[in-house]
Amino acid sequence: MRIKLNELKKIIREELTAGARIAPDWKVIAHHVTVLFGKDAKVWATNNPQELGKEYTINVAGLACDEQACAVEVEIPLELPQDLQDALSQKIPHITVAV
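What counts, and where the lines are drawn
- Numbering of residues starts from 1 in every chain and runs along the sequence as written.
- Local features in this predicted model are restricted to residues of pLDDT 70 or higher, and side-chain atom pairs are both shown and tallied only at a pLDDT of 80 or more, whereas totals for entire chains, interfaces and linings draw on every residue.
- Calculated side-chain values reflect all of the structure's heavy atoms, with hydrogen atoms and water omitted.
- The secondary structure listing takes helices from DSSP runs of H or I that are at least 4 residues long and strands from runs of E that are at least 2 residues long, numbered from the N terminus.
- Only protein chains enter the accessibility calculation, which uses a 1.4 Å probe; a residue is then buried when its area is under 20% of its type maximum, exposed when over 50%, and partly exposed in between.
- The contact criterion used throughout is that any non-hydrogen atoms of two residues lie within 4.5 Å.
- Calculation of accessible area relied on Shrake-Rupley with a 1.4 Å probe; when residues are assessed, cover is drawn exclusively from the protein chains displayed.
- The criterion for strand pairing is that DSSP finds at least two bridges linking the strands in question.

A word on the overall build of the protein chain
Piece 1. Per the secondary structure count, the protein chain includes three helices and three strands.
Piece 2. Taken over 99 residues, the protein chain has a buried fraction of 26%.
Piece 3. Taking all contacts inside the protein chain whose residues are at least 6 apart in sequence as the whole, residues at least 24 apart take part in 56%.
Piece 4. Roughly 7100 Å² of accessible area belongs to the protein chain as shown, and the carbon and sulfur atoms make up 53% of that amount.

A look at the pairing of strand E3 (residues 94–98)
Piece 1. When you tally the buried positions in E3, you get four out of five residues, the bulk of the element.
Piece 2. Both strand E2 (residues 70–75) and E3 contribute to a ladder of four bridges, which runs antiparallel. By the bridge assignment for E3, Glu73 is matched with His94.

Some details on the environment of Leu16
Piece 1. In this structure, Leu16 sits in helix H1 (residues 5–18).
Piece 2. The buried category is assigned to Leu16, whose relative accessible area is 7%.
Piece 3. Sequence separation between Leu16 and Cys70 is 54 residues, and the spatial gap between their C-alpha atoms is 8.8 Å.
Piece 4. Residues in contact with Leu16, not counting those within four places in the same chain, are Arg21, Ile22, Leu63, Cys70 and Val97.

As structure tokens, then:
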């Protein structure tokens, strides 16, 4: 199923507030997938600028919330470049959905 970002944000807000996972005043963001962090991300992005901003279909694998944020773990498609797949083997790709 493909949905637009605004529709996704509405679903996130409705589901997470109904389940008391987030307070009504939390900001729903969900605007990008974090796949690499810190120095690894900067090095990879510098070496692969053509890959930034590409759109992929992803699957949500889990949800985690604490008192500061909620994020969904995502499964990244196999068509990613091999060096990025290799770098992801020790990471948890995610979308921060609310803070």
